[in-house]
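Residues per chain, in single letters:
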Amino acid sequence: MADADLVLIDGSSYLYRAYHALPKLTNSAGEPTGALHGVLAMINKLAREESAKHIAVVFDAPGKTFRDDMYAEYKANRPPMPDDLREQVEPLIDAVEAMGLPLLRIEGVEADDVIGTLCRRCAEQGLNVLVSTGDKDMAQLVNDKVTLVNTMTGQVLDREGVKKKFDVFPEQVIDYLALVGDSSDNSPGVPRVGAKTAAKWLNQYPTADDIIENASDIGGKVGESLREHIEQLRLSRELATIRQDIELPANFDDLTPGEPDEAALREIYGRFELRQLLRQLEGDAGDAPAAEVDAEGDYETILDWDAFERWHEVIKNAELVALDTETTSLAYMEAELVGISLAVEAGKAAYLPVAHDYPGAPEQLPRDEVLEKLKPWLEDPAQKKLGHHLKYDAPIFARYAIALAGMAFDSMLESYVLNSVATRHDMDSTARHYLGRETIHYEDVAGKGAKQLTFNQVDLDTAAPYAAEDADITLQLHGKLWSELGKIQSLQKVYTDIEQPLVPVLLAME
């Protein structure tokens, strides 16, 4: 698809998805912030990545719609909006307006119908539209001028993408939805008909009318159900159809962003403690994947293939590389890889994120492709690696069919061998004891207790310095500890002849 002339953001879709995807975050005053942060991060991400001069954010208006009049049970089984989500709606609306983005809420219809009408009007004018949504119903709008993107997952749906996802084409999606029904909307559909059956029928008979016409030829219990529920199928089709003919208070030319009200945004971001957004507003977090620098080190975030290839060459030519993984869990048997940290000289390191998936997360290099390219280096015993507790990192790679080799040094083991009782041997404690350095703690970036995030949910501006520092500190600890062990040959021999060789043995046993 060509560059979009208009970007439409389905705010209502993302409001619920962000609410359910993120932990129950609050500010220090106890006000809920999770959905607010998620939707605003998504909007900021989309605004950065798309260059369209025309944009609008569309929300459902409060109150009933024409579908409620059509079918009294429409959405009747859906519980009312949770109070902690309701509290975030008005601040979200205020923030979108303060960003200078056109905002549409039309009484009596849903956000889908507003978006559908704009899509039709623009397509008739030969304009390209990109709809940012997580709502499957929107697939019926896709054509050669309308494309969908799910900003939370990165999935893009054009005509072929719809076919691949649903096994029907966009013009068949309404009938597909009518057959399957939708429990969240209480749209009845046809009992016994699931996604595979609906797609099978629509590949045989192109429309629901054709299916009805040939209902007598469809056997089995599912055929009986179809014949018994034909009127219900027709009703479900009406409910699933996105209107494209509603009256709108704005046209294409009106949907142009204005100047943001930075004072209002600063007040909203400050009140709800949306620190990442506040940093972006203040200009501290740039849009480009540039080097991240904290007070102690020069750290880079790898977000494109050029940076990856540059670091790939660096580690292949280095005598020793400090390696660290960031994951979704401390339990390595269930942990998934979120990112990899690398360092080859003190004070400089890089973080390679591959699976941060919070709403609005920047695009990252695909994990499978990254690991495929790194596998020869990771499995090469001649390429020496250093870690802090490599016995944890190795099983993480093993989950992705990579047998980590070249585990030459481990700064946690070095600390233990040098003096087992001088300090605890976690990174924070050893860095404090041997380097006199206070590191970034996990709780500083992920929070504490029940509200603690998993690392894939931590925003990259916060995660990258923490992760890169792990590799940097590991390298610095090794320099200090190996020097000290070198002064006591008997201890160094214990390390080289017993402790380090035991690591792969223990891994195999576990």
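Residues numbered from 1 in each chain as written. Predicted model: local features only at pLDDT ≥ 70, side-chain atom pairs only at ≥ 80, totals over all residues. Heavy atoms only, no water.

## Things to note about the pattern of salt bridges
When the charged atoms of two side chains with opposite charge come close together, those side chains can pair. Put simply, the rule reads: Salt bridge criterion: a side-chain nitrogen from Lys or Arg within 4 Å of a carboxyl oxygen from Asp or Glu. Where helices and strands are cited, they refer to DSSP runs of H or I of at least four residues and of E of at least two residues respectively, numbered from the N terminus. Under the scheme applied here, a residue whose accessible area is under 20% of the maximum for its type counts as buried, over 50% as exposed, and between as partly exposed, the area being computed with a 1.4 Å probe on protein chains only.
Considering all chains together, one arrives at 17 salt bridges under this definition. Ionic pairing is found between Glu-124 and Arg-120, a salt bridge with its closest N-O pair at 2.8 Å. Residue Glu-124 and its partner Arg-120 are located together in helix α5 (residues 111-124), separated by 4 residues, close to a single helical turn. For Glu-124, a relative accessible area of 58% gives the class exposed. Among the charged side chains, a salt-bridge network with shared partners connects Asp-175, Asp-209 and Arg-237.

## As for empty space enclosed by the protein
For the record, the criterion: Here a cavity denotes grid points, spaced 1 Å and computed from the protein atoms alone, that fit a 1.4 Å probe unable to get out, and a pocket denotes an open set having protein on both sides within 12 Å along at least 5 of 7 lines; residues with an atom within 4 Å of a point are the lining. Grid points are joined across faces, edges and corners, and a volume is the space filled by probe spheres set on the points.
For the coordinates displayed, the defined rule picks out 1 cavity of 30 Å³ or more. Considered as a void within the structure, the largest cavity measures approximately 40 Å³ in volume. As for the largest cavity, its lining consists of Ile-302, Phe-308, Trp-311, His-312, Ile-315, Leu-342, Leu-352 and Leu-374. With 4 residues, the top contributor of residues to the lining of the largest cavity is helix α14 (residues 305-317).

## Looking at the layout of surface pockets
Which entries qualify depends on this criterion: Ten residue types, Ala, Val, Leu, Ile, Met, Phe, Trp, Tyr, Cys and Pro, are classed as nonpolar, four, Asp, Glu, Lys and Arg, as charged, and the remainder, Gly among them, as polar.
There is about 840 Å³ of room inside the second largest pocket. Surrounding the second largest pocket, 25 residues form its lining, Glu-326, Leu-330, Tyr-442, Tyr-466 and Asp-470 being those nearest its centre. For the lining of the second largest pocket, the secondary-structure elements that each account for two or more residues are β9 (321-327), α16 (390-398), α18 (427-435), α19 (442-446) and α20 (460-486). By residue number, the principal contributor to the lining of the second largest pocket is β9, which donates 4 residues. Classifying every residue of the lining of the second largest pocket gives 9 nonpolar, 9 polar and 7 charged.

## Some words on the sheet that holds strand β6 (residues 155-157)
Just so we agree on the cut-off: The pairing criterion is simple: DSSP has to find at least two bridges between the two strands. Pairs of residues are marked as contacts when any of their non-hydrogen atoms sit within 4.5 Å. Convention adopted: a line fitted to C-alpha atoms gives each axis, helices being fitted over their contacting stretch, and angles between N-to-C directions are expressed from 0 to 180 degrees.
The strand order β3-β2-β1-β4-β5-β6 describes an open sheet built from 6 strands, whose pairing is mixed. Strand pairing shows two members of the sheet lacking a second neighbour, β3 (103-104) and β6, which therefore form its edges. Contacts between helix α2 (residues 34-49) and the sheet are confined to β1 (6-10), β2 (54-58), β4 (129-132) and β5 (146-150), with β1 contributing the most and set at about 170 degrees to the helix.

## Some thoughts on the nonpolar core
Counted only if it meets this: Definition of nonpolar core: a set of buried residues of the types Ala, Val, Leu, Ile, Met, Phe, Trp, Tyr and Cys, connected through side-chain atoms within 4.5 Å.
Leu-8, Val-114 and Leu-179 are the most contacted members of the largest nonpolar core, which has 53 residues in total. Not counting the four nearest positions on each side in its chain, Val-114 is found in contact with Val-58, Leu-104, Ile-106, Val-109, Ile-246 and Leu-248.

## Here we look at unusual backbone geometry
We note that Asp-167 has phi near 65 degrees; this positive angle belongs to a residue other than glycine. By the element assignment, Asp-167 lies in the loop between α6 (159-166) and α7 (173-180). Accessibility expressed as a relative area gives 37% for Asp-167, which makes it partly exposed.

## Comments concerning the packing of aromatic side chains
Rules: In this scheme Phe, Tyr and Trp rings, the latter by its six-membered ring, pair at centre separations within 6.5 Å, and the angle between planes marks the pair as stacked below 30 degrees, edge-to-face above 60, and tilted otherwise. Two conditions define a charge sitting above a ring: the NZ of Lys or the CZ of Arg must be within 6 Å of the ring centre, and it must be within 35 degrees of the ring normal.
This structure, assessed with the given rule, holds 8 aromatic pairs. Between Tyr-351 and Phe-455, the ring centres sit 6.4 Å apart and the planes meet at 85 degrees, which makes this aromatic pair edge-to-face. Within this pair, whereas Tyr-351 is found in strand β11 (residues 348-353), its partner Phe-455 is found in the loop between α19 and α20, the two being separated by 104 residues in sequence. Residue Tyr-351 is classed as buried on the basis of its relative accessible area, which comes to 0%. Judged by centre distance (5.7 Å) and plane angle (45 degrees), the rings of Phe-455 and Tyr-466 are tilted. Of this pair, Phe-455 sits in the loop between α19 and α20 while Tyr-466 sits in helix α20; the two residues are 11 residues apart in sequence, bridging distant segments of the chain. Accessibility assignment for this pair places Phe-455 and Tyr-466 in one class, buried. Through a chain of ring-to-ring contacts, the aromatic side chains of Tyr-351, Tyr-442, Phe-455 and Tyr-466 assemble into a single cluster. Over the ring of Phe-166 we find Lys-165, and its NZ or CZ is 5.6 Å from the ring centre. Across the ring face of Trp-377, the terminal group of Lys-385 is positioned such that the distance to the ring centre comes to 4.8 Å.

## What to know about the side chain of Thr-474
With respect to the element layout, Thr-474 can be found in helix α20. The residues touching Thr-474, leaving out its near neighbours within four places in the chain, are Ala-322, Leu-386, Gly-387, His-388, Ser-411 and Met-427.

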